[in-house]
Amino acid sequence: MKKIEAIIKPFKLEEVKAALNDVNITGMTVMEVRGFGRQKGHTEIYRGAEYNIDFVPKIMIQIIVEEDKAAQVVEIIERTARTGTIGDGKIFVLPVEEAVRIRTGERDKDAI
Amino acid sequence: MISAGDTSFMLVCAALVMLMTPGLAFFYGGMVRTKNVLGTIMQSFVIIGLVTIIWVLYGYSLSFGPDVGHFIGNLQWLGLKGVGLDPNKDYAETIPHLAFMIYQAMFAIITPALITGAFAERMKFKAFLVFILLWSTFVYTPIAHWVWGVGGWLRNLGALDFAGGTVVHISSGIAALAAALVMGKRRGFGEEPMVPHNLPLTILGAGMLWFGWFGFNAGSALTAGALSTNAFVVTHIAAATAALVWIIVEWMHRGNPTTLGAASGCVAGLVAITPASGFVGPMSAILIGMGAGIFCYWAIVLKWKLGYDDSLDVVGVHGVGGTWGALATGLFAQKAINPAGANGLFFGNPSLLGAQALAVIATMAYSFLVTLIILKVISAFFGLRVAEDEEETGLDLSQHSETGYAFFDRT
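Residues numbered from 1 in each chain as written. Chains lettered and ligands numbered in written order. Predicted model: local features only at pLDDT ≥ 70, side-chain atom pairs only at ≥ 80, totals over all residues. Heavy atoms only, no water.

Tell me about the packing of helix H8 (residues 226–254) of chain B against helix H10 (residues 282–306) of chain B, and please be specific about residues and values.
Residues and elements named next belong to chain B. Where H8 meets H10, the axes come as close as 7 Å, and the angle between the chain directions of the two elements is 40°. When the interaxial angle is binned, H8 and H10 end up oblique. When the axes of H8 and H10 are compared, the crossing they make is right-handed. Tallied by class, the residues present in the contact of H8 with H10 amount to 18 nonpolar, four polar and two charged. (Axes fitted to C-alpha atoms, helices over the stretch in contact; angles between N-to-C directions. Helix = DSSP H or I, 4+ residues; strand = E, 2+ residues; numbered from the N terminus. Parallel < 35°, antiparallel > 145°, perpendicular 65-115°, else oblique. Left-handed = near helix turned anticlockwise from the far one by under 90°. Nonpolar A, V, L, I, M, F, W, Y, C, P; charged D, E, K, R; others polar.)

Tell me about the sheet that holds strand S6 (residues 89–95) of chain A, and name the residues and values.
All names here are of chain A. Pairing is antiparallel in the open sheet, where four strands are placed in the order S2-S5-S1-S6. Both edges of this open sheet fall to strand S2 (29–35) and S6, since each of them pairs with a single strand only. When the angles between neighbouring strand axes are averaged without regard to direction, this sheet yields 20°. Sheet topology places strand S1 (residues 2–8) next to S6; seven bridges connect them, and they run antiparallel. By the bridge assignment, Ile4 is partnered in S6 with Val93. This element, helix H1 (residues 13–22), spans S1, S2 and strand S5 (56–65) of the sheet and lies at about 10° to S5. Each of S1, S5 and S6 is contacted by helix H2 (residues 67–81), which is oriented at about 5° to S1, the strand it contacts most. (Pairing = 2+ DSSP bridges. Contact = heavy atoms within 4.5 Å.)

Break down the interface of chain B and chain A for me, citing the residues and quoting the values.
On the side of chain A, nine residues touch chain B, which itself brings 20 residues to the contact. Considering only the side of chain B, the residues that lose the most area to chain A are B:Val195, B:Arg254 and B:Trp304, jointly responsible for 38% of the buried surface there. Run the count over chain B and chain A and you get two salt bridges. One salt bridge in this structure joins A:Glu50 and B:Arg254, with 3.6 Å as the shortest N-O distance. The interface formed by chain B and chain A includes four residue pairs in polar contact (both at pLDDT 80 or more). Taken together, the residues of the side of chain B that touches chain A sort by class into 15 nonpolar, three polar and two charged. (Buried area = accessible area lost by both parts, 1.4 Å probe. Salt bridge = Lys/Arg side-chain N within 4 Å of Asp/Glu carboxyl O. Polar contact = N/O pair within 3.5 Å; in protein donor to acceptor, adjacent residues only side chain to side chain.)

Below is the structure:
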């Protein structure tokens, strides 16, 4: 199993979700996160004064899939979340050791 | 004789002015950081309680009671003794004296609440309560007496202040400067961004202020009729103009019009028209609103060069806006609008401007000095600021054991 963590622009979430739904990705967890990379924050202006806000709001999507689906999920997120401008985000793929569905006690691929 | 129309109008106006203080609480509350939202709202809200009691016990008597040396009222009306349901002919002939008293109470409440923006996010609650008690007693009541009390020296001088430009806005704006200087900067000021956490709350507050201000200015006519209508209309015109002008100025200066700018602009316009609202016409109101939008915006930009931490810009909006309004009254006042007033410079009478300037300077000097003394005394006894770790934690938790926003129910 693989865990895919994608950090994307918040307004891209609906598009990414719809595209993943189309290939039967049946679950995901979404978090509101803040961070910066090469984009290095943005500027806000209050009463004529400029403030540098380092941490920019982003959405992090977590999806656990079987090994053979991971490449497809990455490709879909990469394609749908891209705007081509700075701050589009990143995708990480990590190995997952075990999964449990709490209600039934199912394990691993039956649990995801 | 009591007029039912005037009395009902004045009671409604008193209620409108009352609503301004919770409005101010939201206006300020939205501009601080999440951890201080309740502490900031609480400072305005608790003043409604504290100053009401002060006003009933002795504040009204000191402000409006029989004159002592043109400086302050005496204590004859202590506990509202003799302030009853018959009119007081010196102040308002057609409404019960008690109605005039409660209307004035709302002014006494909002004035110290305005100052709280200057020391936002760092004042100890206990020290704050003592400050409000002393400031209401030693700054507000004398200045209210000078300008509005029978026998008050600025009133005798012929200075015009229809609804409180000097008494409310200059006095609080300059007290704010003294407070910002004595209290010092917030920890991390200028190093980390301290930006408004909830501007929709601020816009809501600005809307409540704008709404309540009709009671503040139109009600200052103390009768329902021609004069109150004039005040109502010019108040709205000045607020609308200043909101537009402020965002135009910042658009040119910084490249974007902001909602905080629109909210700040309308308040600046309301402040500036306050002393003038019973004496000027609609076209003058546009010019007063334009001045407010321009001068207050640049005063706030200048704050960063001067380096003091007037956190929510009380000096820039109320000090500068109030001063502009008081002087503008000396320029644009017309006897044609209000025969009880005077003509200003642009209507052939340069002497009014001198009286206005004197009222401004006297109010500034007195308020600054006495505020400074009050804060130094409190500082010696209790200390003014919360401890470093409490400031880090925020006022909500450290002063009130609460948090403003719950993302989960706490268990």
